[in-house]
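# Structural overview for review
Listed below, chain by chain, are the residues.
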Amino acid sequence: MSKNSSIVVAIIVVIVVIGGGYALLHKSSKSTSNSSQTSSNAPAVNNAVLTTKTDSKLGQYLADPSGKALYTYNADTSGVSNCTGSCIAAWPAYVDKGSTTGLPAGVSTIKRTDNGQTQYTYNGMPLYYFVSDGAGQVTGNGVQNFTVAKPAAASSQSTSSTPSSSSSSSSSSSSSSPSNY
């Protein structure tokens, strides 16, 4: 009987060890999958110039510190704003009202050629508001060749698949887009 008891105890120990190992492995893989989901999202941007907001349809987007959505114009090129005249009336430039020193990573400024204002850029692209938006609203996405600005990781995914198409479409649309204003 003591031999049988020893065998039963040994079987119980093996079951406990295997069960504990399974539970530990399951917990480890669960936390790994959660961290990979988190890392696939763009990193949040929160500084004195830009903040990251989330829209249920569009995902993460960039806003000013008050929460107003920011947009980029598809006819612009890096460091150059092509939105002037009636375009700038509907899509006001996100302009700097203070010092342009010590800007956060990815944020720069350009001097507008039409009015001399200092306009913020994100990764080189000039930033704009949409006059119909209030804080927390993103109603201008896809309107008149404007797209809501995205944090770096999200925008790099969307722009990496379209550089050739956007450069060819922007050259053909840039000649027609400004005349729409």
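Residues numbered from 1 in each chain as written. Predicted model: local features only at pLDDT ≥ 70, side-chain atom pairs only at ≥ 80, totals over all residues. Heavy atoms only, no water.

Along the protein chain, the regular secondary structure elements total 4 helices and 7 strands. Secondary structure of the protein chain in N-to-C order comes out as α-β-β-β-α-β-β-β-β-α-α. The buried share of the protein chain, taken over its 181 residues, is 29%. A separation of at least 24 residues holds for 63% of the contacts in the protein chain among residues at least 6 apart in sequence. With the model as given, the accessible surface of the protein chain reaches about 10,500 Å², and the carbon-plus-sulfur share is 58%. (Helix = DSSP H or I, 4+ residues; strand = E, 2+ residues; numbered from the N terminus. Buried < 20%, exposed > 50% of the residue type's maximum accessible area, 1.4 Å probe, protein only. Contact = heavy atoms within 4.5 Å. Areas by Shrake-Rupley, 256 points an atom, 1.4 Å probe, with all protein chains shown as cover.)

Below, the discussion takes up the pairing of strand E1 (residues 51–55). Taken together, the 5 bridges between E1 and strand E2 (residues 59–63) define a ladder with antiparallel strand orientation. If you follow Thr-52 over to E2, its bridge partner there is Leu-62. Here E1 folds back onto E2, and the loop between the two strands holds 3 residues. (Pairing = 2+ DSSP bridges.)

This part is about the pairing of strand E4 (residues 107–111). The pairing of E4 with strand E5 (residues 118–122) spans 5 bridges and is antiparallel. Directly across from Thr-109, in E5, lies its bridge partner Tyr-120. Between E4 and E5, which pair antiparallel one after the other, the connecting turn spans 6 residues, and Gly-116 there sits at a positive phi close to 75 degrees.

Right, let's get into the nonpolar core. One finds Tyr-71, Tyr-73, Cys-83, Trp-91, Tyr-128 and Phe-146 to be the most contacted residues of the largest nonpolar core, which totals 18 residues. Top contributing element to this core by residue count: helix H2 (residues 86–90), with 3 residues. What Cys-83 contacts, discounting residues up to four positions off in sequence, is Tyr-73, Asp-76, Ile-88, Trp-91, Arg-112, Asp-114, Tyr-128 and Phe-146. Grouped together as the second largest cluster of nonpolar side chains are 11 residues, Val-107, Tyr-120, Tyr-122 and Ala-149 included. (Core = buried A, V, L, I, M, F, W, Y, C linked by side-chain atoms within 4.5 Å.)

In this structure, Asn-123 sits in the loop between E5 and strand E6 (125–126). Sequence separation between Asn-123 and Ser-78 is 45 residues, and the spatial gap between their C-alpha atoms is 7.9 Å.

Taken residue by residue, the protein chain gives an average pLDDT of 74. The fraction at 70 or more is 60%. In the model, residues 21–40 has pLDDT below 50 throughout and makes 1 contact with residues more than four positions away in sequence or in other chains. A low-confidence stretch, residues 154–181 (pLDDT under 50), is modelled with 17 contacts involving residues beyond four sequence positions or located in other chains. (pLDDT = per-residue confidence, 0-100.)

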